[in-house]
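The primary structure of each chain is shown beneath.
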Amino acid sequence: MKASVLEEVKLTFRPEFVNRIDEIAVFRALGKDQVAGILKIQLSRLKQRLAKLELGFDVQSEVIAFLSERGYDQNFGARPLKRAIQEYIENPLSKAVLSGEFVAGDTIQVRLSQSEVSFIKK
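Residues numbered from 1 in each chain as written. Predicted model: local features only at pLDDT ≥ 70, side-chain atom pairs only at ≥ 80, totals over all residues. Heavy atoms only, no water.

A count of helical and extended segments in the protein gives five helices and three strands. Counting from the amino terminus, helix and strand elements in the protein follow one another as α-α-α-β-α-α-β-β. Scaling as 2.2 N^0.38, a compact globule of 122 residues should have a C-alpha radius of gyration of about 14 Å, whereas the protein reaches 20 Å, well beyond that. Referenced to the eigenvectors of the C-alpha coordinate spread, the extents of the protein come out at roughly 60 × 30 × 20 Å. Taking all 122 residues of the protein together, the buried fraction comes to 28%. Taking as baseline every contact in the protein between residues at least 6 positions apart, the subset at least 24 positions apart corresponds to 55%. When the accessible surface of the protein is split by element, carbon and sulfur atoms take 50% of a total near 8800 Å². Side-chain charges of the protein comprise 19 positive and 16 negative groups, with the mean position of each set lying 3 Å from the other. (Helix = DSSP H or I, 4+ residues; strand = E, 2+ residues; numbered from the N terminus. Rg over C-alpha atoms; globule rule 2.2 N^0.38 Å. Buried < 20%, exposed > 50% of the residue type's maximum accessible area, 1.4 Å probe, protein only. Contact = heavy atoms within 4.5 Å. Areas by Shrake-Rupley, 256 points an atom, 1.4 Å probe, with all protein chains shown as cover. Lys, Arg positive; Asp, Glu negative; His and termini not counted. Charge placed at Lys NZ, Arg CZ, Asp CG, Glu CD.)

In C-alpha cells, the structure reads:
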C-alpha cells in the first residue's frame, strides 16, 4: 500500500516537492470497535472533569453504542466523534448543571430512550 501511495504522490506532485518528503505514514481506517474505545476514553475524561465538581457520571452501554454510531465516519475517522459527544452529552449536560438541575453530590446517569439522550439524577 505504501508503494502505491508513493507512486500516486509522484504522479500528483512536482519532483521538487516529492524530494522533500522524508517519510510517508499510511493509516488504516478506524473500525467501530476502535471508535467505541476512543469514545470511552473521552467519556472517562468528562467523568474526571465532573468529579472535580463532585458530580458522579454513569453512561449506559446503549448511549455508547448510539454515540459510536453517530460519531463514526469511515472517511474522517474519530473526528466526528468529538462533535457527537459535544452535541449529545456535553452541551445539554452543561446547561443542566448551570441551571441547577444537578448539584454537588448527585450522580448523573446518561440514558438513551427512543434515540434521545437524557440525564437522570441517580
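Topologically, Asp106 is positioned in the loop between α5 (79-98) and β2 (107-113). Here Asp106 falls in the buried class, since its relative accessible area comes to 13%. Only 2.9 Å separates the side chain of Asp106 from the backbone nitrogen of Val103, close enough to count as a polar contact. Those residues in contact with Asp106 that sit more than four places away from it in its chain are Glu54, Leu55, Gly56, Glu101 and Lys121. (Polar contact = N/O pair within 3.5 Å; in protein donor to acceptor, adjacent residues only side chain to side chain.)

Let's shift gears to the nonpolar core. Of all hydrophobic cores here, the largest spans 23 residues; its most connected members are Phe57, Ile89, Val110 and Phe119. Of all the secondary structure elements, the ones that give two or more residues to this core are α3 (32-52), β1 (56-59), α4 (61-70), α5, β2 and β3 (116-121). With six residues, the single largest contributor to this core is α5. Not counting the four nearest positions on each side in its chain, Phe57 is found in contact with Leu43, Leu46, Lys47, Leu50, Ile89, Leu93, Thr107, Ile108 and Val110. (Core = buried A, V, L, I, M, F, W, Y, C linked by side-chain atoms within 4.5 Å.)

Below, the discussion takes up the packing of aromatic side chains. The way to describe two aromatic rings as a pair is by their centre distance and the angle between their planes. One pass over the full model with this rule turns up two aromatic pairs. Plain terms: the ring middles of Phe66 and Tyr88 are 5.1 Å apart, the flat faces sit at 85 degrees to each other, and that makes the pair edge-to-face. With Phe66 in helix α4 and Tyr88 in helix α5, this residue pair connects regions lying 22 residues apart in the sequence. (Phe/Tyr/Trp six-rings, centres within 6.5 Å; stacked < 30°, edge-to-face > 60°.)

Bringing unusual backbone geometry into the picture now. Look at Glu54: it is not a glycine, yet its phi comes out positive at around 60 degrees. Among the secondary structure elements, Glu54 is positioned in the loop between α3 and β1. Despite not being glycine, Gln114 shows a phi value in the positive range, around 55 degrees. Within the secondary structure, Gln114 is located in the loop between β2 and β3.

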